[in-house]
Structures are given as C-alpha cells and as structure tokens.
Amino acid sequence: MIQGRIALLLHAHLPFVRHPEHDDFLEERWLFEAITESYLPLLEVLDGLDRDRVPARFTLSLSPTLLGMLADRLLRSRYLRHLDHLVELAEKEERRTRPEPAFHRCAEMYLRRFTRARTLFLDEWQQDLAGAFRTYQERGLVEIITTSATHAILPLLGTSGALVRAQIEVAAAEYRRFFGRSAEGFWLPECAYAPGLETELARAGFRYFVVDTHGLTHATPRPVYGAYAPIACGPGVAAYARDPDTSKQVWSADEGYPGDFWYRDFYRDIGFDLPEEQLRPVLPPSGRIHTGIKYHRITGKTDAKEPYDPDRARERVEVHAAHFVASRRTQVEWLARTMDRPPVVVCPYDAELFGHWWFEGPQWLDLVLRQLAATPELEACTLGDDLERHPVVQQATPAASTWGWKGHQEVWLASQNDWVYPHLHATGERLLTLCRRYPGANDRTRRALTQALRELLLAQASDWAFMMSRETTAEYAVRRTTDNLLRCQRLCDEVERNAVDDHALAVLEDRDNPFPALDYRVLL
Amino acid sequence: MSLTDVVSAGRGALELIVSCAQEIFRRAQASLEPFLHGIPPVDAPAPPVGRSTSQGPHEAVEATKFFAGSIPASAAPAGPQATETASLPRAYGMNRAVLTARDPCCLFVWWEIMPVTRVEALRSLGSEAEHVAEVLRLHRGVHPNGRVVADLPLTPGAERWYVEVEPDDTWSVEVGLRAPSGRFVCLVRSNAVASPPAQASDDTSVRWVTMGRQGSAPASAEWSGQWLASDTTTFPSPAPSGSSDALPFR
C-alpha cells in the first residue's frame, strides 16, 4: 500500500544566448555543455526507463527560452560543430593518454560519450530535443511544465500586473506551440512567490506551482500538513512546497551526495591543464575554457586530485540512490503517523545539476526512479498526479519567499544588481503606455512594438541579476541587460515619432528571435 | 507719508522679494546640484545595507551553468552592431517611486523626481527651504491612513535605498523635504507592500476546498486530523549503507 508520494521535479533553464553576429560566442557554450552533459543524458535515462517499462513519473520544467534555443536552426548547427570538435579532441586524447591507463580509461569514456551524444542528437532525435521530451511526456514518463517567458522573477517586475501577465501568458502560449496542449504546472523562477501571483496563474489556466518550504510553513492560515501537502491559494491553483531534506541531500556539495570524494571533480578540466595547441579546435582563438573533459575525482578538500575511477563512482551512485530511497521510506512512514492523506515529498532540482555539475547525477536519477518503482510504500509521481488523486486541499495563502540564499530576494536585489530595476520598471511602463495607445497598430508599428516587448522580456531574465552578483559573468550580464533595454527604448522612440527604421527592425527581429508567435497585444 | 517714502518703501519691499526669490533660487540650485549635474551613474554603489555577500549551495550550483571559462573581452570579434553604443538614460522624466519587499526585514525603493518638482517643493517651503533635508518617510500601512514610523535622512543624490522594517506588516514610503520645523513636503510617494512573515501564522483556522479544472469549491468534509508539528522539516535519516569514510556520505 502506498504510504507517500515522491515528486521529483527537474527544472531546465538557460537564458536566451544566441549571437549570430559572432561566429563563435563563448556564452553559447552554456547551452552546448548543458545539452551534452545534462539534457541528452536525461533523455537516455528516460529512454532506458521507457524501454524497461519502469513505471516512473516525474515533473520536468522546460523554460521557454531553452525551448526556443533547442529549436533554433543556427544554434543546432553550431552545437553540431561544437560536438564535432569535442569528438576530435576526445580522439586525440584517447591517443595521447595511452601510456597512462588511469587517464586513458577516462579518455575512452569521453570519446564514447561524445560519439553517443552525436548519434542521439543527430540520428535518434533529428536535432529536435524539445520533440524528444514531448515524446516521453506522451509516453507517460514525465509531465512537462513551463516557467515565466524569460525566467523573470515575477515579484520583481514592478507594480504593473500587465508585465507579470505578459511573462506568464507568453510562456503558456509557447508551451502550447511546442507541446500541442496547455501546461498544468508553472515553475516560479527561483521559487519566487508573492501573494497575488496565484490570481495571474489561475487566469492563464495553471493548476499548480511550487514554493520553498517556508512559503508553506509560513502560509496563512497555517497549513495543517506543513510542507507535505499542497494548499489551495487561488481560484483553482494549488501551491506545493520544496522538501528541505531531499534538497540538502542533492544540492549541497558539503553535506550532500555530489560532494562524494569518488565523484568526478567539476573544476579540474584539461582546458586549463594542457598546452593550448593540444586543445584545438575546441579552444577559442584566445583564452581558456572548460572542454568538459575532466580526468580527476573530487578526492578531498585538496588541490592534489587523483584520477577518476568510473567503477568506484558507480558504486557510490548505487549507495546514494539506495540511501535516498531508504530515507524517503523512513520520512514518509514518519509523516504518515500524523497525516490522514499520503504525504507528498516534493524534490525540485535544477536539471543542469544532473550531469553538468554532478557528473554521476543522471545515473543516480535513473537508479532512484527504478528503486522507487520497486518500493510498494512509495509512488514516484508528478504534482499533477498528486492533485488529481487528492483534490481536497486546505485553503491558505503562501508566504512571500524564494529558494535563494536566505529564502528571499537578496541574491537578485542587492547593491550589485539593484540599478537595473528603475530601468526595467520605467521601460516596461513606457512600453505598456505605448501599446495601449496603439491597440490596433498597422503592420510596421505592430512589429516594432512586438520586438520592443521581446527585448523587454529578454532584459527581465533573472539570470542577469544573478550573474551580476558573481564576478565571473557580470560583464556579460550587464551588457545583455543594457543592450536589450536600449533596443526596447529605441523602438519605443521610433514608434512615438512614427519613424520606425525597417532595416534596423529586421536586424533585431533576426537576432533576438525567441517567441516567434509573440504579439504586443498580450500587454493589453 | 510722502510719495518719496511710499516709493522708497515699495522699492525696499520689491528688493526684499527679489532678494528672497534669488536666495530661494540659489538654495534650490544648490539642493538640485547633485540631480542636475552629478547624478550617480547607473552602476553607482547603493547604500551599504543592500550588499549581498554570500551564496548558498543552490547559488553555487546555479553558477556552474554559466562557468564556461574566460576569454579576454578584446578577443571576441565584433560583428555588425554587436552591442549598443548608447548608455541607459539617467532619468526618464517622471515622478515615480517603486517599493519592493526584499525580505521580512528589508524593503527596497527606487525613485525618480523631476527637477521642476523639487523647485516647486522648495518654493512652497519659503524661508524654510534653506535648511531642508531630503528624507525617506516610512509609513506603517498605506498613506494617508498609515502611521509615520521614521524619517530616514538620505544621502544627497540617492535614488534608491534599503529600509529596515518588521516582518508581516504593510508599508509605504514617501521621499520628501523636511524643514527643521518638522514641516514635510512630499516629492514622490510609493506603492504599498507587505513584508513577508518570518514565522508560522497564528491563524489556525482550517477550511478545505475541492480543486477542480474549473476552479475550486468548498469541501463539505469535516476534518478531525492531527496537525503536523510546525517544525516538521527534518526527520531521522538513516545512515547510508556502505559508507565507510569519515564524512557522512563519503
């Protein structure tokens, strides 16, 4: 008999990084690395579960910007070029490391992985990874949900509801375009919730979203089941809460599984170890980058890293998967003593954590889902499944919260990044006023206002504020925010002066091209 | 009183008015100086309480998504119109203040005030304009029904600020000029926001609804279950089997 449900949720997102104006652009590699190391391995996990008919279920959030990039022809062709370079490098590495068996074994592993990635991407999925995920939704293994159009933190968009609504409705429309149906769930970027959002989500037809633990434990009135059952907080919308224990076990490099000394080290990469001439053509003409080929294990809190041993790592994966499932059984048993409905343990993670950050993560996920399927007391489910089975829910309003550091907005609203908000708010309000002035614009004005909205949405991405708080990528984040805002403002100027520059507009439409079905009237 | 006296008195009064007007203008100019000529750049550091200095495990993982390596900026080939060459405007020509709740104990507000609004405010203060201070007036509740909690002195030229508050309450702010007499002239008023609660609610009422695709409806079922302890966020976790190293999972 089922005592409780385990709702694993993977959130896959990258900001829109597409630079046709450059032949090779460093930041596009964020996407390429995520495809090779996280998305393709995740598809392989789904394929294995499907092939073995494992009754596994989990929720997968795919952001609209990520879907747009996965569908983009230019980025697909660049990814293939990137993959070809990786295969070429791995072949050279396979030859170079032959005298060193410990490293040679790893080099062979990478060559197999990259070759397999190429086969999966090109032959099995015909470059259509969004379509691949859709296949597994149709086969019942995952429930795909969406998030705000460009991963904007909705409570930070200012006082205008229309700007929040645009982020939500554009996401809902993109989901329908990719998956041919409406999304049931909405992933709040960074779990950032403020009272009132539920009304907008309900209006767009969503049935549930997720907040951090204290979003529910501090809800009003106090939820009787704490973080282990949803609450109803709007007209037909439920809020679920993240479970803190499973979070720590998987997120934390210090206390969690990914920090195991036998696991592969993320930071030690041949891109920084080998002479530059041995790294061509993966290395750009100038500078050093991560290649994805990493031969060492974490080893310990030391710089002296030992060679990675895939077999020992696999043993640890088995231990950690078994531990996770055993912990859930204990947890659910403990909760069920008090609760008169099966507790639901919500376990949300960034999808890129699996494979990219935690190399062995996809293996762990595969084993956990298989072991959950073999544990009669537990059921792996999606949040939509849980709501369907237990539609009677306590009414309450979650507390404003995020899953970021300290549980609130401090990561995205601090002295390093707070200068963006006056510009975002003022530009958004200006565009809104302009759109209301031209509710039935002619074709040229319609295109200009639509592109202006596209630029605004891109500037609103939470990623830029996040990067500004980190030194490594702040410069690019500042430039992206500024560029997208300036483009929006310039288009507003041109519409106001009735002087839209056709050529410049076409250049922008070609370059910043997510959401092809966008229409500025979503703001009205 | 002779005609000469009247003219003389009139001239004196006129000179006084002109002198006062010049003084008001001078002070207004001095007060506006930072806004007319010395507006901080858009990336100027904000007041110190805003700085975020640490990151949790979640941020550490998220950062690795954007960890590709480093290329000197000069090495990136610039294509046609690769980046915008203009700068963001320093002002948008409006009176506006937007207040946001950052966490249970901190609000963030940014504002813009048009120069003409400041001139008019100084003029309305008359002779008191000489010693005005720009302050952030914090209201508990929504203006005008709220209660003034504090007048926080602002750094000249400031355009954004972090305000310490108490959790679980409603707040609004005004940016304005305060004279030594206590007279306050509002320059711009913000929206109201609620600071999030920092603990579990005292409200223990229980109402159930049935969630359906067309909305939710009150559920008639009586509930006689048990409350989960409010601190139920951790549970006794089993030791991982096969773990032989010193650290819990290693």
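Here's a quick rundown of the structure.

Rules used throughout
- Residues numbered from 1 in each chain as written.
- Chains lettered and ligands numbered in written order.
- Predicted model: local features only at pLDDT ≥ 70, side-chain atom pairs only at ≥ 80, totals over all residues.
- Contact = placed C-beta atoms within 7 Å.
- Helix = DSSP H or I, 4+ residues; strand = E, 2+ residues; numbered from the N terminus.
- Nonpolar A, V, L, I, M, F, W, Y, C, P; charged D, E, K, R; others polar.
- Buried ≥ 20, exposed ≤ 12 C-beta atoms within 10 Å, placed from the backbone.
- Expected span 1.5 Å × (residues − 1).
- Core = buried A, V, L, I, M, F, W, Y, C linked by C-beta atoms within 7 Å.
- Pairing = 2+ DSSP bridges.

1. Concerning the interface of chain B and chain A
At step 1: Between chain B and chain A, the contact holds 88 residues from the first and 103 residues from the second.
At step 2: Counting only elements with at least two residues in the side of chain B that touches chain A, the list comes to helix H2 (57–64), strand S1 (69–70), strand S2 (96–103), strand S3 (106–112), strand S10 (208–212) and strand S11 (215–218) of chain B.
At step 3: It is H2(B) that provides the largest number of residues to the side of chain B that touches chain A, a total of 8 residues.
At step 4: Broken down by class, the residue content of the side of chain B that touches chain A amounts to 40 nonpolar, 33 polar and 15 charged.

2. Focus on helix H9 (residues 244–251) of chain A
At step 1: Buried within H9(A) are the following residues: Thr246(A), Ser247(A), Gln249(A), Val250(A) and Trp251(A).
At step 2: Buried positions along H9(A) lie against helix H11 (310–336) and strand S9 (344–350) of chain A together with H2 of chain B.

3. Brief notes about helix H17 (residues 474–496) of chain A
At step 1: Relative to the 33 Å expected for 23 residues at 1.5 Å per residue, H17(A) spans 33 Å between its end C-alpha atoms, a close match to the ideal helical length.
At step 2: Phi for Asn498(A), located one or two positions after H17(A), is positive at around 50 degrees.

4. Details of the nonpolar core
At step 1: Ala7(A), Leu188(A), Ala238(A) and Val109(B) are the most contacted members of the largest nonpolar core, which totals 209 residues.
At step 2: Take this core: its biggest share by element is 12 residues, from helix H1 (residues 28–51) of chain A.
At step 3: Not counting chain neighbours up to four residues away, the residues in contact with Val109(B) comprise Ala97(B), Val98(B), Leu99(B), Arg160(B), Trp161(B), Val163(B), Val173(B) and Ser190(B).
At step 4: Grouped together as the second largest cluster of nonpolar side chains are 6 residues, Ala121(B), Leu125(B), Leu177(B) and Val185(B) included.

5. Some words on the pairing of strand S7 (residues 237–241) of chain A
Residues and elements named next belong to chain A.
At step 1: Most of S7 is tucked away, with 5 of its 5 residues classed as buried.
At step 2: Residues Val237, Ala239 and Ala241 point to one face of S7 and Ala238 and Tyr240 to the other, with burial holding for every one of them.
At step 3: Across 4 bridges, strand S5 (residues 208–211) lies against S7 in parallel orientation. If you follow phenylalanine 209 over to S7, its bridge partner there is alanine 239.
At step 4: In terms of strand pairing, strand S6 (residues 231–234) meets S7 through 3 bridges, oriented antiparallel.

Everything listed here is a matter of coordinates, which is why it stays silent on function.
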